[in-house]
Amino acid sequence: GESVGLHLPTLSVQEGDNSIINCAYSNSASDYFIWYKQESGKGPQFIIDIRSNMDKRQGQRVTVLLNKTVKHLSLQIAATQPGDSAVYFCAENIRKTSYDKVIFGPGTSLSVIP
Amino acid sequence: NAGVTQTPKFQVLKTGQSMTLQCAQDMNHNSMYWYRQDPGMGLRLIYYSASEGTTDKGEVPNGYNVSRLNKREFSLRLESAAPSQTSVYFCASGLRASTDTQYFGPGTRLTVL
């Protein structure tokens, strides 16, 4: 079936270290992937996206890597800061007949240790 | 710009009661969405509206109805609330109905007793 899942439900990193959050997806027809950050009590916030014709995209302190061969997506956060503590969701966009379905993974909770 | 706003922030209902969750966006976006978020389930799409005047079912539409009142507003109605509808509800908007970033509101935490 369709699913977007995360390998690790929780991740703790030391402030200043790099963080890597992983995501597996199952639908090879997915053409667009997004990472969202959700802080406690708030709605998800867009971080970075990548289309299926790319394998890497960089933003400010964040990099998304896409490996279509093994259907794997990762989010790398450089020099992790306390403000990065949140739940991170990956999402994939799947073309359906009536709409483009966005499937969200269950999320990974990132805790930054000062 | 306020972005996406939702009211109320919190609501407690008894089984069988009805209520409407309100959502508005001021970004001139065409598409709007309603999701529910449950622990360990991620976000699941309830209904969406690709443009003003159109609405379509998402992944989990049963027990809900929606109205796209105008380009800015998209409401979600529970006609007869059930405990299974206890969840956090998020409204989102985007420029296009597909392959586009969605901007989320702060959420409504609903408890059905």
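Below or above, wherever it landed, is the structure these notes cover. (Residues numbered from 1 in each chain as written. Chains lettered and ligands numbered in written order. Predicted model: local features only at pLDDT ≥ 70, side-chain atom pairs only at ≥ 80, totals over all residues. Heavy atoms only, no water.)

Glancing now at the pairing of strand 5 (residues 42–49) of chain B. When a strand is regular, its side chains alternate between the sheet's two faces. All names here are of chain B. Counted residue by residue, strand 5 has eight buried out of eight residues, so it is predominantly covered. Pairing geometry for strand 4 (residues 31–38) and strand 5, over seven bridges, is antiparallel. Pairing of Tyr33 across the sheet is with Tyr48, part of strand 5. Pairing analysis gives two bridges linking strand 5 to strand 6 (residues 56–57), with the strands arranged antiparallel. Directly across from Tyr48, in strand 6, lies its bridge partner Asp56. Between strand 5 and strand 6, which follow one another and run antiparallel, lie six residues, and Gly53 among them has a positive phi close to 95 degrees. (Buried < 20%, exposed > 50% of the residue type's maximum accessible area, 1.4 Å probe, protein only. Helix = DSSP H or I, 4+ residues; strand = E, 2+ residues; numbered from the N terminus. Pairing = 2+ DSSP bridges.)

Our focus in this paragraph is the pairing of strand 5 (residues 45–51) of chain A. Residues and elements named next belong to chain A. In the sheet, strand 4 (residues 32–38) pairs with strand 5 via six bridges, with the strands oriented antiparallel. Bridged to Tyr32 within strand 5 is Arg51. Connecting the antiparallel pair strand 4 and strand 5 is a turn made up of six residues, with Gly41 showing a positive phi of about 80 degrees.

In this section: unusual backbone geometry. The amide bond that connects Thr7 of chain B to the next residue, Pro8 of chain B, takes the cis arrangement and shows omega of -5 degrees. Mapping Pro8 of chain B onto the fold places it in the loop between strand 1 (4–7) and strand 2 (10–13). For Lys71 of chain A, which is not glycine, the phi torsion reads 55 degrees and is therefore positive. Mapping Lys71 of chain A onto the fold places it in the loop between strand 7 (62–67) and strand 8 (72–77).

With that settled, consider the pattern of salt bridges. If you walk through the whole model with that rule in mind, you get six salt bridges over all chains. Residue Asp49 of chain A is joined to Arg57 of chain A by a salt bridge in which the shortest nitrogen-to-oxygen separation is 2.2 Å. In this structure, the salt-bridge partner of Asp38 of chain B is Arg36 of chain B, at a minimum N-O distance of 2.9 Å. Here the residues in one salt-bridge network are Arg36, Asp38 and Arg44 of chain B, joined through shared partners. (Salt bridge = Lys/Arg side-chain N within 4 Å of Asp/Glu carboxyl O.)

Relative to the helices and strands, Asp49 of chain A is located in strand 5. Among the polar contacts made by the side chain of Asp49 of chain A, one reaches the side chain of Tyr32 of chain A at a distance of 2.7 Å. Look past the residues within four positions of Asp49 of chain A in its chain and what remains in contact with it is Tyr32, Phe33, Ile34, Arg57 and Val64 of chain A together with Thr101 of chain B. (Polar contact = N/O pair within 3.5 Å; in protein donor to acceptor, adjacent residues only side chain to side chain. Contact = heavy atoms within 4.5 Å.)

For the largest pocket, the calculated volume is near 520 Å³. As for the largest pocket, its lining consists of 23 residues, of which Gln38 of chain A together with Gln37, Val88, Phe90 and Arg109 of chain B are closest to the centre. When residues of the lining of the largest pocket are traced back to their parent elements, those giving at least two are strand 9 (86–95) of chain A together with strand 4, strand 9 (87–94) and strand 11 (108–112) of chain B. At three residues, strand 9 of chain B tops the list of elements feeding residues into the lining of the largest pocket. Here the residues of the lining of the largest pocket are counted per class, giving eight nonpolar, ten polar and five charged. (1 Å grid on protein atoms, 1.4 Å probe; cavity = no way out; pocket = protein on both sides within 12 Å on 5 of 7 lines; lining within 4 Å. Points joined across faces, edges and corners; volume = space filled by probe spheres on them. Nonpolar A, V, L, I, M, F, W, Y, C, P; charged D, E, K, R; others polar.)

Any link to function would need more than the numbers given here.
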